[in-house]
Amino acid sequence: MSGLQGVGLLLLWGSACLWLPGSAWGALVISGEHEALQETRGGARPLQKRSTTEVKVEVYSVKVDCTVTSRFAHTVMTSKARNKANVSQEIFFEVELPKTAFITNFSMEIEGQVYVGEVKEKEKAKKQYEKAVSSGQTAGLVKASGRKMEKFSVSVNIAAESNVTFILTYEELLQRKLGQYEILTRVKPKQRVQEFQIVTNIFEPQGISHVDTHATFLTNELLPLVEKTVTNNKAHISFSPTMEQQRKCPDCDGTLIDGDFVIKYDVNRAKSLGDIQVVNGYFVHFFAPPDLPRVPKNVVFVIDKSGSMGGRKIEQTREALLAILNDLHEEDHFALILFDSRIVSWRESLTKATKENVTEGMDYVRRIDQGSSTNINDGVLRGVNMLVKDRQEKKLPEKSIDMIILMTDGMPDFEPRIPKLQENVRSAIGGNMSLFCLGFGNDVDYSFLDVLSKQNKGVARRIFEGSDAAVQLQGFYEEVANPLLSEVDLRYPDNTVDSLTTNHYSQLFNGSEIVVAGRLMDNDLDNFLVEVFGQGFEEDFKVQGQASTVDWDMMYPDDKYIFGDFTERLWAYLTIQQLLEKSKSDAPDEKANTTAKALDMSLRYSFVTPLTSMVVTKPETEDGPDSPLIADKLTEEQRQQAERMIYRYAAPPSYAYQPPPPTYFVDGDPHFMIELPDRDDALCFNINDKPGTILNLVRDPKQGILVNGQTIGDKKIPPDGKINTYFWRFGIVHQTLGVRLEVSTRDISVFQDGKRVKLLWSDTASVKGPNVDLLLTKDRSLTVTLKDSVKFVILLHKVWAKHPYHQDYLGFYTLDSHLLSPSVHGLLGQFYHGIAYELSDLRPGEVPEKPDATMYVKGEELNVTRGWQRDFRRDVKNGENVPCWFIHSNGTGLIDGDVTDYIVSGLFKAV
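Let's shift gears to the overall build of the protein chain. Within the protein chain, the regular secondary structure consists of 14 helices and 53 strands. Each of the 911 residues in the protein chain was classed as buried or not, and the buried ones make up 57%. Carbon together with sulfur atoms contributes 48% to the accessible area of the protein chain, which is approximately 38,500 Å² in total.

A few words on unusual backbone geometry. Excluding glycine, residues mostly have negative phi values, and the peptide bonds linking residues are mostly trans. Backbone geometry at Glu161 places phi at a positive 55°, although glycine is not the residue there. Here Glu161 is to be found in the loop between strand S11 (149-158) and strand S12 (162-173). For Glu161, a relative accessible area of 64% gives the class exposed. One non-glycine residue, Leu178, lies in positive phi territory at about 50°.

On to helix H5 (residues 355-366), then. An α-helix turns once every 3.6 residues. As a result, residues three or four positions apart point the same way. Across its twelve residues, H5 extends 17 Å between first and last C-alpha, which sits within 8% of the 16 Å expected from 1.5 Å per residue. What H5 keeps buried is the set Asn357, Val358, Gly361, Met362, Tyr364 and Val365. Take H5 and look down its axis: the buried residues cluster within an arc of 155°, on one side only. Away from its buried face by more than 90 degrees, H5 exposes Lys355 and Glu356. Tucked into the core, H5 has its buried residues touching helix H4 (312-326), strand S22 (333-339), strand S23 (343-345) and strand S24 (351-352).

The next thing to look at is the nonpolar core. Phe672, Leu683, Phe685, Leu697, Phe812 and Leu894 are the most contacted members of the largest nonpolar core, which has 56 residues in total. With 55 residues, the next largest nonpolar core counts Ala81, Leu97, Met108 and Val193 among its residues.

Now for the pairing of strand S37 (residues 671-676). Of all six residues that make up S37, five are buried, and the element is covered over most of its length. Pairing of strand S36 (residues 663-667) with S37, which is carried by five bridges, proceeds in the antiparallel orientation. From the neighbouring strand, Asp667 faces S37, where its bridge partner is His671. Judged from the six bridges that link them, S37 and strand S38 (residues 681-686) form a sheet pairing that is antiparallel.

Next up on the list: the packing of helix H11 (residues 566-585) against helix H12 (residues 588-604). Axis separation between H11 and H12 bottoms out at 9 Å; the angle between their running directions is 155°. On the basis of their axis angle, the class for H11 and H12 is roughly antiparallel. Taken as a pair, H11 and H12 cross one another with a handedness that is left-handed. In contact with Trp571, Ala572, Thr575, Ile576, Leu579, Leu580, Lys582 and Ser583 of H11, H12 contributes Lys591, Thr594, Thr595, Lys597, Ala598, Met601 and Ser602. Of the residues in the contact of H11 with H12, the class split is seven nonpolar, five polar and three charged.

The subject of this paragraph is the packing of helix H7 (residues 418-429) against helix H8 (residues 446-454). As a packed pair, H7 and H8 sit with axes 10 Å apart at the nearest point and diverge in direction by 25°. Considering the angle they form, H7 stands roughly parallel to H8. The two elements H7 and H8 cross, and the hand of that crossing is right-handed. Packed against H7, whose contacting residues are Ile418, Leu421, Gln422 and Val425, the element H8 presents Phe448, Val451 and Leu452 at the interface. Partitioned by chemical class, the residues of the contact of H7 with H8 number six nonpolar, one polar and no charged.

A word on the sheet that holds strand S4 (residues 57-69). The strand order S8-S7-S12-S5-S4-S14-S17-S16 describes an open sheet built from eight strands, whose pairing is mixed. Here the strands that pair on one side only, and so sit at the sheet edges, are strand S8 (113-116) and strand S16 (226-230). Going from strand to strand, the sheet's axes swing by 10° on average, the running direction of each strand aside. Bridge count between strand S7 (residues 102-110) and S8: four bridges; the pairing is antiparallel. The residue bridging Ser107 from the neighbouring strand is Val116, located in S8. In the packing of H11 onto the sheet, the strands contacted are S4, strand S5 (72-83), S7 and S12, and the crossing angle to S12 comes to about 70°.

Below, the discussion takes up the environment of Phe872. Tracing the sequence through the fold places Phe872 in the loop between strand S52 (860-871) and strand S53 (880-887). Its relative accessible area of 9% is what places Phe872 among the buried residues. As a C-alpha pair, Phe872 and Gly668 span 204 residues in sequence and 9.6 Å in three-dimensional space. Look past the residues within four positions of Phe872 in its chain and what remains in contact with it is Asp667, Leu795, His797, Tyr813, Lys877, Asn878 and Gly879.

As a further point, take H8. Burial analysis of H8 places seven of its nine residues in the buried class, the great majority of the element. Turning to H8, its buried residues are Tyr446, Phe448, Leu449, Asp450, Val451, Leu452 and Ser453.

Let's shift gears to the pattern of salt bridges. Inspection of every chain in the model, using the stated rule, returns 43 salt bridges. For the salt bridge of Lys264 with Glu182, the shortest nitrogen-to-oxygen distance reads 3.8 Å. In this pair, Lys264 is assigned in strand S18 (residues 259-267) and Glu182 in strand S13 (residues 181-187), connecting sequence segments 82 residues apart. Exposure remark for Glu182: the relative accessible area of 27% places this residue in the partly exposed category. What you see here is one network of salt bridges that share partners, running through Arg71, Arg176, Glu204, Asp266, Arg269 and Glu513.

Moving on: the environment of Gly311. Along the chain, the position of Gly311 falls in the loop between strand S21 (297-304) and H4. Since its relative accessible area comes to 24%, Gly311 is described here as partly exposed. The spacing of Gly311 and Arg873 is 562 residues in sequence and 8.8 Å in space, taken between C-alpha atoms. Leave out the neighbours within four places in its chain, and Gly311 touches Gln370 and Arg874.

The next thing to look at is the pairing of S36. Burial runs high along S36: five of the five residues are buried. The alternating pattern of S36 places Thr663, Phe665 and Asp667 and Tyr664 and Val666 on opposite faces, both of which are buried. Examined bridge by bridge, S36 and strand S49 (residues 809-815) share three bridges and lie antiparallel to one another. By the bridge assignment for S49, Val666 is matched with Phe812.

What the rule picks out here adds up to one disulfide. The disulfide partner of Cys684 is Cys884, and the S-S distance across this bridge is 2.1 Å. One disulfide, between Cys684 and Cys884, carries an S-S torsion of 70° and so falls in the right-handed class. With a gap of 200 residues between them, Cys684 in strand S38 and Cys884 in strand S53 connect regions that are remote in the sequence. Classification of Cys684 as buried rests on a relative accessible area of 0%. Residue classification places Cys884 among the buried positions, given a relative accessible area of 1%.

Calculation rules
- Residues numbered from 1 in each chain as written.
- Predicted model: local features only at pLDDT ≥ 70, side-chain atom pairs only at ≥ 80, totals over all residues.
- Heavy atoms only, no water.
- Helix = DSSP H or I, 4+ residues; strand = E, 2+ residues; numbered from the N terminus.
- Buried < 20%, exposed > 50% of the residue type's maximum accessible area, 1.4 Å probe, protein only.
- Areas by Shrake-Rupley, 256 points an atom, 1.4 Å probe, with all protein chains shown as cover.
- Expected span 1.5 Å × (residues − 1).
- Arc of directions from axis to C-beta.
- Contact = heavy atoms within 4.5 Å.
- Core = buried A, V, L, I, M, F, W, Y, C linked by side-chain atoms within 4.5 Å.
- Pairing = 2+ DSSP bridges.
- Axes fitted to C-alpha atoms, helices over the stretch in contact; angles between N-to-C directions.
- Parallel < 35°, antiparallel > 145°, perpendicular 65-115°, else oblique.
- Left-handed = near helix turned anticlockwise from the far one by under 90°.
- Nonpolar A, V, L, I, M, F, W, Y, C, P; charged D, E, K, R; others polar.
- Salt bridge = Lys/Arg side-chain N within 4 Å of Asp/Glu carboxyl O.
- Disulfide = S-S within 2.5 Å.

Next comes the structure, spelled out in structure tokens:
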């Protein structure tokens, strides 16, 4: 790369930050209104700010153009930039698109030359990618981005005083949920743009019943800029703020445009047969009949209460179940089954959802507590057997739907193994009920739950870690709470259609929609009779009618930009999606055939699916030959793996989410962790020194607070020769309050006013004093609350008495750290008031699951590695995996100074 080496500009939707390596400038350069502090080992000084005009890369146009034709959305994102410098520069293009979408095209226009992407079989593309990586060149990737989106990013070197245009196109079939369709556009330019425009045109021959538009970034000033025109069968929405209107505040260059632009709409539904459209030899049938009575449901909630569900997860499960039970209809029946290593039923049969029974069920839910292991097999089978038995004994309404909702966060750790468990459940259910699986968090085996549900007429859904997990549970339940029909068959004349998508559905729920598409063998529509059968509540549902076509030219005479092959592409999209889903639960011999069909169609229609990749060849530069950029499509399992590495959780934009405060702790051997929920991220480092060393963790001279910790080593040298050290003793001093605590693995001593109070870890006690409160949980934790100040939690880790190597040790966690003064310092204390850093250049590390990246922090450029550390607050035995960026060499570059600067001579000494 020539010119300003390593300069990267994230265009369009990503964070528009500029990074210059420390070796070149000695500072992190942040564009716009961002501020940061550069701390050196000798102290702190303001970070040198450099204007983006020095870099002379101008993003002058950002456009999003979305056309929706009968629920099929075609979106084109275009960004234009100009390199105004007299040197070449590396420019990055980042777009976030819905994870349900397929990329269909990507192109770059550079100096009049157009570089167009080509969709190839994934294995063939992978060889090009590996070749590029091995030669040190970069490759574009698609990465998970929160719950609903995934991120596409590429980079290209642009010559001096030249332009580049990036164009990305993707398509998706909008799904109807809770009575409406959603078009989600994520915009994060992070800088003001001369020409910024979002335009959406919706064409629905059925007629549009309503259109709502909102955005997470819309202020009262921006709201009037959203233009919306709705006629009977067309809607036009546009948003195009000027440079000045994008300004975040009068005296700053930052932009207000940062978040999600959301359009929700629905169509008119006058016909019970549904809507059928035929274009260019393909048809699509949308079925969601109005005014059907709901069918009563018999639902068994099978709830995991194992150890890993402890703490917040079980609280959120209780919270969601209380709301769900409260929404049951009186004609419904329900049951509650809890499982860990044991299986416990609230009652032996399903119970009618009367007010009295629901109240008793809610009281039972409030008492759900944490257990031990995870026996999914017996928990689900208990629910199946209960439904079967109640059916046989005619305790349930004949015209009703049976379903099981499994809530779990883990892998089954009881026999049988997963294939046998899946076979057990499938055999027991026998196609007579639906199983819905809700998997909590990043550690759940989602693929196992996905197959388990698909084999039993249900679906799986991930419940993401976060403060809104209970809301997610309720949201899923609302989707399946009101069944309207079961065993729905959509039939078309024999010998007139082929290549049908799925035309039999186990259920139709209120607010959803069934979509069937196919190819016509001839265009004789005079005999195209459509029939729909299903089982309803009061009587069986049966409707038939003649398909009629829409003359698009007559209905939309002034609109030329409607892709006429949308029915064929919709059919292809739906077919590929269903083949990919089917392959997950197919037998091995069938799976190969199903996968081959999906691959063939992905290539034929240029869809980037989990079986294909898009390859874009970058232009040749003076630094090397052309190199490929690879765009992949992530499976849910790959998204989950990526989230384990990169994200802890991402809050959904549709809720007013307030991240929890940061947490700072040291635990293990010893692992230091700085959790930063507002960034969905964490930093971590280890301190390795000889046993017996006393380290200063927190020192606040203004408030008179001091925390030191002393290490202890393994009992003997392990086989690998590495002696791990742990904290076994902490000294806590609050000079102003006259309080001193010594906490060791043996006991706890409190000194105040010349008196000493001693507690043993074998006690459970609550001690309240005028200046300090102590809450001791037997053999588990000590919570220390200093009056009008900070709170500390110390965890006890006990090993069995005759462990050959390890011994008991302590973990130290800080809460309410914001109450300490700005002068606080120490190995943990220095981070209490924030840490400014940026990351770039994510790349493969030594271990595939642990990528490396470059971190710019405190004027340093560090190589950091993605890893995991354990937070033991909720589960003191096993802990919870927390992904973090690991800083090597005793935190060098992240901590001020050197480790030796933090060594003190006594447990209660400052130096």
